[in-house]
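Residues per chain, in single letters:
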Amino acid sequence: MPVSPERPEIPAAKARPPWLADAVGCALLAVMLAGFLRDSWRKWPDPIVDSGAQWYAPWRIAHGAVLFHEMDWTYGPLSAYFNGLLFRIFGANLSVLFAANLAIYGGILALAWAACRRAWGRLGAFAAGAVFISVFSFSHLTSIGNYNYAAPYSHETTHGMLVILAALFVAAAWCRGRSPRLAFVLGTCGGLAAVLKPEFMLAAGVLGASALALRVLQRAPAAWQEIALLAAGALWPTAVFTLGFATTETFGRALAHACNAWWRVLVQPIGVAGFAAGQSLYAGFNHPWQNGWVELKAGGAAILALAAVWSAGWFANKPSSLVRAFAILILGTLALFVRLDGGWFHVGLCLPLLIAAACVFYAVRLLNQWRHDGRIEQEAIMRWLLVMLAAAMLARMALFARVYHFGYFQAALAGMAAAAFMAGELPLWTGRWRAGHWVAAGGSLLVLAIGCRSIAAKSMDIRSGQNQPIAAGPNRFYAFDKDIDPTGALVDWLVKGLSGAPPSATLLVLPDGLSINFLTGHVSPLPSLWVSGTEESLVERLKAAPPDLVALLSLNLAERGVTRYGAPGQAGHLLLQWVHENYTPITIWGEPFSDLRLKGAVILRRTK
């Protein structure tokens, strides 16, 4: 009797409890998370850049100050007031912020895992969680370290990620049928995004529009009551902040401040030198055709690697032969050695093409499922909503996608979706036999592991140079060693030097340093040095309310177009001139502002 060339299907293994595999995967993710937290512990903030306002404004709010009066703010007001409430309840120190952010991060990770679990299964969810933890959560991949979820450059990013992931589940539930309650909750998520950051406003809008489209497709369009409640939910957070600000200013200004998240983008753009050029660079619009071509090549390389992994699994399901083994070896090797220009650090460049293709693919699959079955499975809805959400979050870096810098939140969902697809869905395309599934899944996980390890190793190498302690007790954190970047040592020196000053003494730090005001507990006489008006107006404000103390700190401001702070024709010239006329040094370390190099710090006391 001839032997069939087709391999018999492997019998199913003895059934295990359905929760066991999930529990094992979550335990592995927990161990991974603990390791990355240990390696990055209290090395999350930057001593100066972006940290100052993020700490200073909530501290002042906790003591009764009003945002946009005593201090400026770049984004919507929700995060500042939320953190101010935390400071008022638990005390104003960094440990409170770290703990709150890590708790919020836990919610983000749990929701993202659950979404990927529903969309791509347990292996897809595990791969997505591992990528999120190892690449996006606590990495230090640039000269500035606060692009992470423990001490973010903007707390709106952590709060916004939690809001849009909650909105994802609400939108998926609302797609099942009419529900005024869910409509209001979904609108509320959009309303909260509107008082956070523009990226999340766009993401919430895309989710809402996608959910409405699915309702129409299923011939269950939103009723007028749902539309009304959706709009009410979207408007009430802005209305609350408008009424709150209106107690101290005109209604028009109160509305503008409540809408600050998008007002500073569409109506009154930020006028800081170099800000517009920086935003264009960060989005990739400085060289759009060149950047677009680079991303197309990167996306093509990623698709080639995915095709190699799938082909290896497909060949594994064919009858055993030397040719099959050879093909698997060759294709697996190809998948592992397809590299991007610059290595894994630039793997984000492939995400726009992959996510765009996924949006089209899952939209077509939804339509086909509806036409064939007359219904849409919840897994299919979640997959499509997830990739649409990932695409919306990538929009602000469409031509310069990256996993570092702003990528820690803008590219995170795209990276997770790509990983979940590789591990959770691609193996299913290899055929009905388990051998191909295991080969494709193992190949996908191996490729992901190599990439994550490469990026994590770069981050850990940078973190190894962060041993300079700053401040003490619950405010303690670590910056770069002095021989790498003396900024941390200078900040710590200023914090210790100002520790004996009377608590009521006001302090001005030039050219930037609200983090020092927070760490020393001294109020600044100016709301901001970079978005508050002309330098002449700042000097006039200082003349009207001169600070008791001034601290001068060397900083590299080349990104803002400043080659030598305080020099004639450069930023800070009038401010330093006024300081030198009215203040005398009481302690000096080095010589600040001598050139681009970081050279020192000075504490001065008012004499006039």
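All values derive from a computational prediction rather than experimental measurement.

Concerning the packing of aromatic side chains
At step 1: Tallying each qualifying case throughout the model produces 32 aromatic pairs.
At step 2: Where Trp 262 meets Trp 263, the ring centres are 5.7 Å apart and the plane angle is 55°; that geometry is what we call tilted.
At step 3: Members of the aromatic cluster, joined through ring pairs, are Tyr 105, Phe 132, Phe 138, Tyr 147, Tyr 149, Tyr 153, Phe 200, Phe 406, Tyr 408 and Phe 409.
At step 4: Arg 60 extends its terminal NZ or CZ atom over the ring of Trp 59, reaching a point 5.8 Å from the ring centre.
At step 5: Taking the ring centre of Phe 400 as reference, the NZ or CZ of Arg 402 above it sits at 4.3 Å.

A word on the side chain of Ser 459
At step 1: With respect to the helices and strands, Ser 459 occurs in helix H18 (residues 434-463).
At step 2: In contact with Ser 459, not counting residues within four places along its chain, are Phe 138, Ser 139, His 140 and Leu 141.

Quick word on the pairing of strand S3 (residues 507-510)
At step 1: Burial along S3 is two-sided: the face carrying Leu 507 and Val 509 and the face carrying Leu 508 and Leu 510 are both buried.
At step 2: The pairing of S3 with strand S4 (residues 549-553) spans four bridges and is classified as parallel. The residue bridging Leu 510 from the neighbouring strand is Leu 552, located in S4.

Re the confidence of the model for the protein chain
At step 1: Averaged over all residues, the pLDDT of the protein chain is 88; the fraction at 70 or higher stands at 90%.
At step 2: Every residue in residues 1-13 scores below 50 in pLDDT, and together they form 15 contacts with partners more than four places removed in sequence or on other chains.

Some words on helix H6 (residues 180-194)
At step 1: Its 15 residues give H6 an end-to-end C-alpha distance of 21 Å, which sits within 8% of 21 Å, the value for a rise of 1.5 Å per residue.
At step 2: Among the residues making up H6, those that are buried are Leu 182, Ala 183, Leu 186, Gly 187, Thr 188, Cys 189, Gly 191, Ala 193 and Ala 194.
At step 3: Of the surrounding secondary structure, the elements contacted by the buried residues of H6 are helix H5 (155-174), helix H7 (198-217), helix H8 (224-245) and helix H10 (260-266).

A few points about unusual backbone geometry
At step 1: The omega angle of the peptide bond from Leu 510 to Pro 511 is 0°, so this bond is cis rather than trans.
At step 2: Considering the arrangement of structural elements, one finds Pro 511 in the loop between S3 and helix H20 (514-520).
At step 3: One non-glycine residue, Asp 50, lies in the positive phi region at around 65°.
At step 4: Mapped onto the elements, Asp 50 comes out in the loop between helix H1 (18-40) and helix H2 (51-62).
At step 5: A positive phi is found at His 405, a non-glycine position, where the angle reads about 55°.
At step 6: With respect to the helices and strands, His 405 occurs in the loop between helix H15 (378-394) and helix H16 (407-410).

Definitions and cut-offs
- Residues numbered from 1 in each chain as written.
- Predicted model: local features only at pLDDT ≥ 70, side-chain atom pairs only at ≥ 80, totals over all residues.
- Heavy atoms only, no water.
- Phe/Tyr/Trp six-rings, centres within 6.5 Å; stacked < 30°, edge-to-face > 60°.
- Lys NZ or Arg CZ within 6 Å of the ring centre and 35° of its normal.
- Helix = DSSP H or I, 4+ residues; strand = E, 2+ residues; numbered from the N terminus.
- Contact = heavy atoms within 4.5 Å.
- Buried < 20%, exposed > 50% of the residue type's maximum accessible area, 1.4 Å probe, protein only.
- Pairing = 2+ DSSP bridges.
- pLDDT = per-residue confidence, 0-100.
- Expected span 1.5 Å × (residues − 1).

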